[in-house]
Amino acid sequence: MENSDEGQPLLGHERRGTPLNKKQLAIILLVKLADATAYMQVYPYVNQKLLKMVEELHLVRNKAAIGYVSGLVLSSISVAQIFTNLIWGRVSDRIGRKPALLFGLFGYALSALLFGTSRTFPQMFLARLSMGILSGNVPIIYSVLSDITDESNRARVIPLNEVTWQVGAFLGSFIGGMLSHPVERYPMLFGNSVLLRDWPFLLPCLASFALTVLAFLCTLFLFEETLPRIVAARKTMSLAQGEDVTEESAVVAELSSAAPLPTTAELLSDPSRRRIIASGFFLAFFAIGFDPLFALWNYTPIALGGLGRETHEIGLLLSTAAIVGMLLNAFVFHRLQKRFGSLTLFVTGISLWSINFVAMPLISAILRTFGASSGGAGSTQFRVLWLATLSVLLVEKMASLAYP
């Protein structure tokens, strides 16, 4: 007999599942929102910010190689996380989720300030690199969601993680595109600001910083530790002593009796785990590589193979795509997974990436063949180009359904 709950919305009432701690869930999703916003807010303007540095410091021989420098900056966070995510995951398994999350949020905040005030390529590179080194919140968030759910409600909660990422992608892309160069764009509000005139990309970074601080304070004062062993130790000590105990004493008691954690080699000895990791690698390669490539493609002049768009246009495109992704994950993913299964959805999503990586250079080639101009607003060429670009983003969001 079909489960009557399957057709209910993601945020609907859980009739048969274990009740969720909504406060804990809300806080961890706020952390995810800050993560996504901090990650995405640089994409609309990073190429423009780098262009002046490239010209002044002669980092490359011509402007066509701006993608090389941009790739170094944007990939630095992923390179760092290759080495630090496992470490932060093990740290959270030892000392608890909460302190690891707080340190990660500190890394987000520091990175935003450093990036907004950077004037040289090394400063930009180090600002982005610091986010990858200081924060391992991506795997820790998944651990927290696993801690606070069980088999009866996990399938409904996990997709909220991706929905929240899409909300943060929208917010980050929007503020990155619309708040850069505020003195020129909003002279009535910021025309007299010497600070924002000197640092034209500081304002979106400050917006990301403010959201991160909010997430930090909520985690510090409202979030309760979820690491199962610490929670169990705290409850055991409370029952034994007949009174409440501090979290710190519970941690000490738990650590003194904690069983050794499996090593990385032991985890990788399972063939099924290796297959899952390999599949995740290719999915991440396509998905994470798409956003910087898309931003670079849109920013690059038409004569050099791009679309020649402005920063605010790139921000609007990315934020629009994030809204589509949010709606797909909230209202479509669960139904597709129920009908076709996770494996079919994953394989289809992986396959869709090939369409986009072929479509982008093809669109550029057609544009240059029929005239190196995107056309004026309202022209047929203008509308067709925007429709083609939005179609690329729609395919990308459909392919991203392989993630949850």
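Note that the structure is predicted; figures quoted are calculated from it, not measured.

Asker: I tried to follow the packing of aromatic side chains on my own but got confused; where do I start?
Answerer: The relation between two aromatic rings is expressed through the spacing of the ring centres and the mutual angle of the planes. Following the criterion strictly, the structure yields 16 aromatic pairs and no others. Each ring, one from tyrosine 39 and one from tyrosine 43, has its centre 5.7 Å from the other, and the planes form 55 degrees; the classification is tilted. In this structure tyrosine 39 comes out as buried when scored by relative accessible area, which is 12%. Seen in terms of ring centroids, tyrosine 39 and tryptophan 165 are 5.7 Å apart; in terms of plane orientation they differ by 50 degrees. Their pairing is tilted. Note that tyrosine 39 is positioned in helix 1 (residues 22-40) and tryptophan 165 in helix 7 (residues 154-178), a separation of 126 residues in sequence. Members of the aromatic cluster, joined through ring pairs, are Phe281, Phe282, Phe285, Phe286, Phe290, Phe294, Trp297, Trp353 and Phe357. When the ring centre of tyrosine 39 is taken as origin, the NZ or CZ atom of arginine 128, which lies over that ring, is 5.1 Å away.

Asker: So what exactly am I meant to see when it comes to the environment of tyrosine 45 here?
Answerer: Mapped onto the elements, tyrosine 45 comes out in the loop between helix 1 and helix 2 (46-57). Note: C-alpha distance between tyrosine 45 and serine 173 (128 residues apart in sequence) is 9.4 Å. With residues near it in sequence (within four places) discarded, tyrosine 45 still touches Phe115, Gly176, Ser180, Phe201, Pro204, Cys205 and Thr311.

Asker: How should I be thinking about the nonpolar core in this particular structure?
Answerer: One finds Phe115 and Phe294 to be the most contacted residues of the largest nonpolar core, which totals 76 residues. Per-element accounting of this core gives the leading share, 11 residues, to helix 1. With sequence-adjacent residues up to four places away left out, phenylalanine 115 is seen in contact with Val42, Tyr45, Val46, Lys49, Val73, Met124, Ala127 and Cys205.

Asker: What is the right way to look at helix 11 (residues 202-222) in this model?
Answerer: Since there are 3.6 residues in each turn of an α-helix, residues three or four apart along the chain are aligned in direction. For helix 11, which comprises 21 residues, the first-to-last C-alpha distance of 30 Å matches the rise-based estimate of 30 Å (1.5 Å per residue) to within 8%. Inspection of helix 11 places Leu202, Leu203, Pro204, Cys205, Ser208, Leu211, Thr212, Ala215, Cys218 and Thr219 among the buried residues, and these make up the whole buried set. In this structure, the buried side of helix 11 is in contact with helix 1, helix 4 (97-116), helix 7, helix 8 (182-185), helix 9 (187-190) and helix 10 (194-198).

Asker: I keep staring at the pattern of salt bridges and nothing clicks. Help me out?
Answerer: Where charged atoms from two side chains of opposite charge come close, those side chains can pair. Counting across every chain of the model gives six salt bridges. Across the salt bridge formed by arginine 97 and aspartate 93, the nearest N and O atoms sit 2.6 Å from each other. For arginine 97, a relative accessible area of 5% gives the class buried. Looking at aspartate 93, the relative accessible area reads 23%, which means it is partly exposed. For the salt bridge of glutamate 151 with arginine 154, the shortest nitrogen-to-oxygen distance reads 3.2 Å.

Asker: Just checking my understanding: could you explain the packing of helix 16 (residues 311-340) against helix 17 (residues 342-369) for this structure?
Answerer: When two helices pack together, their arrangement is given by the angle between their axes and by how far apart the axes lie. The N-to-C vectors of helix 16 and helix 17 enclose an angle of 115 degrees; their axes lie 7 Å apart at closest approach. Viewed along their axes, helix 16 and helix 17 adopt a mutual orientation that is roughly perpendicular. On helix 17, the residues touching Phe333, Leu336, Gln337 and Phe340 of helix 16 are Ser342, Thr344 and Leu345. A breakdown of the residues in the contact of helix 16 with helix 17 according to their chemical character gives four nonpolar, three polar and no charged.

Asker: What is the right way to read the confidence of the model for the protein from this model?
Answerer: Any residue range with low pLDDT should be treated as having predicted coordinates unsuitable for detailed reading. Summary statistics for the protein give a mean pLDDT of 86 and a share of 85% for residues scoring 70 or more. Of all helices and strands in the protein, the one with the weakest mean pLDDT is helix 13 (residues 247-256) (51), whereas helix 11 scores best (98). Contacts for the low-pLDDT stretch residues 1-8, under 50 throughout, to residues beyond four places or in other chains number 11 contacts. Below a pLDDT of 50 lies the segment residues 10-14, which in the model reaches nine contacts outside its immediate sequence neighbourhood of four places, other chains included.

Asker: Please explain the packing of helix 16 against helix 18 (residues 380-399) as it appears in this structure.
Answerer: At their nearest, the axes of helix 16 and helix 18 sit 9 Å apart, and the two run at 40 degrees to each other. When the interaxial angle is binned, helix 16 and helix 18 end up oblique. In this structure, the crossing between helix 16 and helix 18 has a hand that is right-handed. Within the contact between the two elements, helix 16 uses Glu313, Leu317, Ala321, Ala322, Val324, Gly325 and Leu328 and helix 18 uses Trp386, Thr389, Leu390, Leu393, Leu394, Lys397 and Met398. Across the contact of helix 16 with helix 18, the residue classes tally to 10 nonpolar, two polar and two charged.

Asker: What should I look at first to understand unusual backbone geometry in this one?
Answerer: Leave glycine aside and you will find that most residues have negative phi; peptide bonds, for their part, are mostly trans. Even without glycine at this site, histidine 181 takes up a positive phi of about 50 degrees. Along the chain, the position of histidine 181 falls in the loop between helix 7 and helix 8.

Procedures and definitions
- Residues numbered from 1 in each chain as written.
- Predicted model: local features only at pLDDT ≥ 70, side-chain atom pairs only at ≥ 80, totals over all residues.
- Heavy atoms only, no water.
- Phe/Tyr/Trp six-rings, centres within 6.5 Å; stacked < 30°, edge-to-face > 60°.
- Buried < 20%, exposed > 50% of the residue type's maximum accessible area, 1.4 Å probe, protein only.
- Helix = DSSP H or I, 4+ residues; strand = E, 2+ residues; numbered from the N terminus.
- Lys NZ or Arg CZ within 6 Å of the ring centre and 35° of its normal.
- Contact = heavy atoms within 4.5 Å.
- Core = buried A, V, L, I, M, F, W, Y, C linked by side-chain atoms within 4.5 Å.
- Expected span 1.5 Å × (residues − 1).
- Salt bridge = Lys/Arg side-chain N within 4 Å of Asp/Glu carboxyl O.
- Axes fitted to C-alpha atoms, helices over the stretch in contact; angles between N-to-C directions.
- Parallel < 35°, antiparallel > 145°, perpendicular 65-115°, else oblique.
- Nonpolar A, V, L, I, M, F, W, Y, C, P; charged D, E, K, R; others polar.
- pLDDT = per-residue confidence, 0-100.
- Left-handed = near helix turned anticlockwise from the far one by under 90°.

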